[in-house]
Amino acid sequence: MSKVEEFEELRPLLFSIAYRILSSVSEAEDAVQETWLRFDASATRPASTRAFLSTTITRLSIDVLRSARVRREEYVGPWFPEPLLNDPYEDPARSVELADSVSMAALLLLERLSPLERSVFVLREVFAFGFDEVAGAVGRSEAACRQLLVRARRHMEAGQPRFHADRAQREELAARFLDAMKDGDVGGLRQLLAADARLVGDSGGRAPQFARAITGADSVARLLASVFPWLPRVGVGSEVRDVNGEPGVISRDADGRVLHVLSFEVREGRIRTIRSVANPDKLGHLGAVADAWAIDREIRRARRGVK
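Residues numbered from 1 in each chain as written. Predicted model: local features only at pLDDT ≥ 70, side-chain atom pairs only at ≥ 80, totals over all residues. Heavy atoms only, no water.

Enquirer: Quick question: what am I supposed to make of the pairing of strand β4 (residues 246-252) here?
Expert: Consecutive residues of a regular strand have side chains that alternate between opposite faces of the sheet. Most of β4 sits inside the fold, with six of its seven residues counted as buried. As defined by bridge partners, strand β3 (residues 237-243) adjoins β4 across seven bridges and the pair is classed as antiparallel. Across the sheet, residue G237 finds its bridge partner in β4, namely R252. In this antiparallel pair of consecutive strands, β3 and β4, the connection spans two residues, and N244 shows a positive phi of 55 degrees. Where β4 meets strand β5 (residues 258-267), five bridges bridge the pair, whose relative direction is antiparallel. When the bridges of β5 are listed, V249 appears paired with L262. (Buried < 20%, exposed > 50% of the residue type's maximum accessible area, 1.4 Å probe, protein only. Helix = DSSP H or I, 4+ residues; strand = E, 2+ residues; numbered from the N terminus. Pairing = 2+ DSSP bridges.)

Shown next, in the form of structure tokens:
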């Protein structure tokens, strides 16, 4: 195969590695592009193209993550990963691990790890790289990588346990939840939420957002029921979509521009956490982005008109 063909064959794997390390679609795509440039500029063919490209993307991602952590510490409000609608890498033998590792909950747990721990965990636990491959990718000995993995597993296991739900059941739950939001049905929403449900938003200070996390099924239901019925009145439509391997909702304005993305963390048949991403910087990869402030003003005018 030509260099281009070899690279394109491995592109889905490279993006998926970078996204799990960086939690950013745009930064992962940049890392993939830089990996290609380095591969294309190489005067000789590596003995293993997969090893060369995996090492390159991993080291680039570690460097980017180290600098990104400084920015995230200064971030306004809660910080969430950029929403991912479709993971390009598929491996039927590891479908559960792949789905788990890309969820919002898992990516937020990965944020607790050092860049090296995170990279070792992703390569070994998610993509089943051998310890020799992991060591080569991160530039550490196999023994050191085993120690890094032990620490990473300890941190990950200290997080909340994961419960797997049937995909069709999760999609049905999300569809029922969206219908209840549109109807402003507080009781219907409350039935679909866990008692200790939380609604948390990431706007980065660049879009309207509630000032704090909302906790408790009743409080979450009442807030959603007070907002969502107004969206269609100002031309905003919403649809159920998979977001980071979990059920979610994407809302777009009358021109198809993205307003926000909701992801639902489902536990034991109910929605435990709703994460809203409204920061326009995190939505650009999904298409043109709506003016959330303008839509907020339209909703306020519509409410005043009704009164």
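Enquirer: Can you help me understand helix α11 (residues 217-227) in this one?
Expert: An α-helical turn contains 3.6 residues, so a residue and the one three or four places further along point in the same direction. All of the buried residues in α11 are A217, V220, A221, L224 and A225. Down the axis, α11 shows its buried residues gathered within 125 degrees of arc, on one side only. As for α11, its buried residues are in contact with α9 (167-183), α10 (186-192), β1 (193-202), β2 (214-215) and β6 (270-277). (Arc of directions from axis to C-beta. Contact = heavy atoms within 4.5 Å.)

Enquirer: I tried to follow the nonpolar core on my own but got confused; where do I start?
Expert: The nonpolar side chains of soluble globular proteins are, as a tendency, buried together. Of all hydrophobic cores here, the largest spans 45 residues; its most connected members are I17, Y19 and F127. Where this core is concerned, the elements lending two or more residues are α1 (3-22), α2 (25-41), α3 (49-73), α4 (95-102), α5 (104-110), α6 (115-126), α7 (131-138) and α8 (142-157). Counting residues per element, this core draws most heavily on α1, at 10 residues. If we ignore the near neighbours within four places in the chain, the residues touching I17 are S54, I57, T58, V122, L123, F127 and F129. Core analysis: the next-biggest nonpolar cluster, separate from the first, contains 36 residues, L178, A217, L224 and V266 among them. (Core = buried A, V, L, I, M, F, W, Y, C linked by side-chain atoms within 4.5 Å.)

Enquirer: Any chance you could explain the sheet that holds β4 here in plain terms?
Expert: Where strands meet in a sheet, backbone hydrogen bonds hold them as pairs that are either parallel or antiparallel. Read across the open sheet, the six strands follow the order β2-β1-β6-β5-β4-β3; overall the sheet is mixed. One side of each edge strand has no neighbouring strand; the edge strands of this open sheet are β2 and β3. Together, β1, β3, β4, β5 and β6 form the strand contacts of α9, whose direction differs from that of β3 by roughly 155 degrees. Most of the contacts of α11 go to β1, to which it runs at about 50 degrees, and overall it touches β1, β2 and β6. (Axes fitted to C-alpha atoms, helices over the stretch in contact; angles between N-to-C directions.)

Enquirer: Before we go on, may I ask you to explain unusual backbone geometry in this structure?
Expert: Here the phi dihedral of A128 falls at roughly 60 degrees; this positive angle occurs in a residue that is not glycine. Structurally, A128 can be placed in the loop between α6 and α7. Phi angles above zero are rare outside glycine, and E268 is one such case at about 50 degrees.

Enquirer: Got a minute to help me understand the pattern of salt bridges in this structure?
Expert: Between side chains of opposite charge, pairing is possible as soon as their charged atoms come close. Counted by the stated rule, this structure contains 21 salt bridges. Across the pair D218 and R222 runs a salt bridge whose closest N-O atoms are separated by 3.0 Å. Here D218 and its partner R222 are both found in helix α11, four residues apart, which amounts to about one turn of the helix. On the basis of relative accessibility, which here comes to 32%, the residue D218 falls in the partly exposed class. Overall, R222 belongs to the partly exposed group, its relative accessible area being 48%. Here R257 ties to D255 by a salt bridge, and the two come within 3.3 Å at their closest N and O atoms. On the basis of relative accessibility, which here comes to 61%, the residue D255 falls in the exposed class. Connected via shared salt-bridge partners are E27, R71, R72, E111 and R118. (Salt bridge = Lys/Arg side-chain N within 4 Å of Asp/Glu carboxyl O.)

Enquirer: Could you clarify how one ought to interpret the packing of α2 against α3 in this entry?
Expert: For any two helices packed against each other, the geometry is given by the interaxial angle and the distance between the axes. Following both chains from N to C, one finds α2 and α3 inclined at 140 degrees, their axes separated by 9 Å at the closest point. It follows that α2 is oblique to α3 by the angle criterion. Seen along the crossing, α2 lies across α3 with a hand that is right-handed. Here E27, A31, V32, E34, T35, R38 and F39 of α2 come into contact with α3, specifically with T49, F52, L53, T56, I57, L60, S61, V64, A68, R71 and R72. (Parallel < 35°, antiparallel > 145°, perpendicular 65-115°, else oblique. Left-handed = near helix turned anticlockwise from the far one by under 90°.)

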